Amino acid sequence: MLLLSVDTSGKQGGISLARCEGESCQILETSPIAGGTFSAQLVPQIAETLSKHGFKAADVNALVAISGPGSFTGLRVGLAAVKGLAEALHIPVVSLSLLELMASSSHQKTLVLALLDAGRNEFYCGEYDVQERRPALVREFLASRETLLEWGASKDFTIIASEESIFSFLQEHRIAVMRVPRPDSAFAAHFGYKKLLAGKTTDVEKLDANYIRRSDAEIFSKPKLQKRPS
């Protein structure tokens, strides 16, 4: 099976091409893509990577996409490309939360709170139970700095983060935090293949970005005036 993994959720992204058999995947190549160039570089990079290894788009058997949270523009570009390929090739898609991938990479056997910087002094939070083989979602939500500090001092879970800004903030307030690498498209390929084997795919029609909160355009847009009945 040939699997293509796509990540356009952050300031840096990339794609990974993997050959998967049995219960494991071999990464054939991972190609980084700089943030801000996703719309121009993603599709050409996919074509170039496939061609380099002697494949064409029709040879891809499954797709994995990191669906967020993250960059609004980046996620739209990445998921549009994934949807287009899935619909054209009639192949399955596995959609993954970046917070879920972080929880899995922690290798903890407890409740985990994965954190990402959401800007505006807020955090994307993913609470997962990782006592079993795969992380079980408790909830994903947005939290303020004040709420995070309150929980960090009282809740019984392991806090994990990959961004230096979060790590420094929590350490400054004497809250224990475990550093994990930010999962990339290669990690997503391995994790996504396991979900594929378990039958946990996403219908292309329902594939959507996991924003957790609304975009600036939605937040600051003026409500439409309702016409009065004549």
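Scroll up to find the structure.
Residues numbered from 1 in each chain as written. Predicted model: local features only at pLDDT ≥ 70, side-chain atom pairs only at ≥ 80, totals over all residues. Heavy atoms only, no water.

Caption draft 1: Expanded view of the nonpolar core. The biggest cluster of nonpolar side chains holds 28 residues, and the ones touching the most others in it are Leu3, Leu96, Leu99 and Met102. Of all the elements in the fold, those that place two or more residues in this core are β2 (12–21), β4 (62–68), β5 (93–97), α3 (98–105), β6 (111–119), β7 (122–129) and α6 (185–197). The residues contacting Leu99, other than those within four sequence positions of it, are Pro69, Ala114, Leu115, Leu116, Tyr124, Cys125, Gly126, Tyr128, Glu140 and Ile212. (Core = buried A, V, L, I, M, F, W, Y, C linked by side-chain atoms within 4.5 Å. Buried < 20%, exposed > 50% of the residue type's maximum accessible area, 1.4 Å probe, protein only. Helix = DSSP H or I, 4+ residues; strand = E, 2+ residues; numbered from the N terminus. Contact = heavy atoms within 4.5 Å.)

Caption draft 2: Focus on the state of the cysteines. Tallying each qualifying case throughout the model produces 1 disulfide. For Cys20, the disulfide goes to Cys25, at an S-S distance of 1.9 Å. The sign of the 100° torsion about the S-S bond sets the Cys20-Cys25 disulfide as right-handed. (Disulfide = S-S within 2.5 Å.)

Caption draft 3: Main features of the pairing of strand β1 (residues 2–7). Within β1, 6 of the 6 residues are buried, which leaves the element mostly enclosed by the surrounding structure. Neither face of β1 is open: one carries Leu2, Leu4 and Val6, the other Leu3, Ser5 and Asp7, and all of them are buried. Strand direction decides the pairing type here: β1 and β2, joined by 6 bridges, are antiparallel. Residue pairing in the sheet places Val6 in a bridge with Ile15 of β2. Note: β1 against β4, 5 bridges, orientation parallel. Among the inter-strand pairings, Asp7 is bridged to a residue of β4, identified as Ile66. (Pairing = 2+ DSSP bridges.)

Caption draft 4: Local environment of the pairing of β6. By the bridge criterion, 8 bridges tie β6 to β7 in an arrangement that is antiparallel. The partner of Leu113 across the bridge, within β7, is Glu127. Here β6 folds back onto β7, and the loop between the two strands holds 2 residues, one of which, Arg120, carries a positive phi near 55°. Of the strand pairs in this sheet, β6 and strand β9 (residues 158–161) are connected by 4 bridges, and their pairing is parallel. The residue of β9 that forms the bridge with Ala114 is Ile160.

Caption draft 5: Representation of the environment of Val6. Relative to the assigned elements, Val6 resides in strand β1. By relative accessible area, which is 3% here, Val6 ends up buried. Note: C-alpha distance between Val6 and Asp184 (178 residues apart in sequence) is 8.9 Å. In contact with Val6, other than residues within four places in its own chain, are Gly14, Ile15, Leu42, Val64, Ala65, Ile66, Gly78 and Val82.

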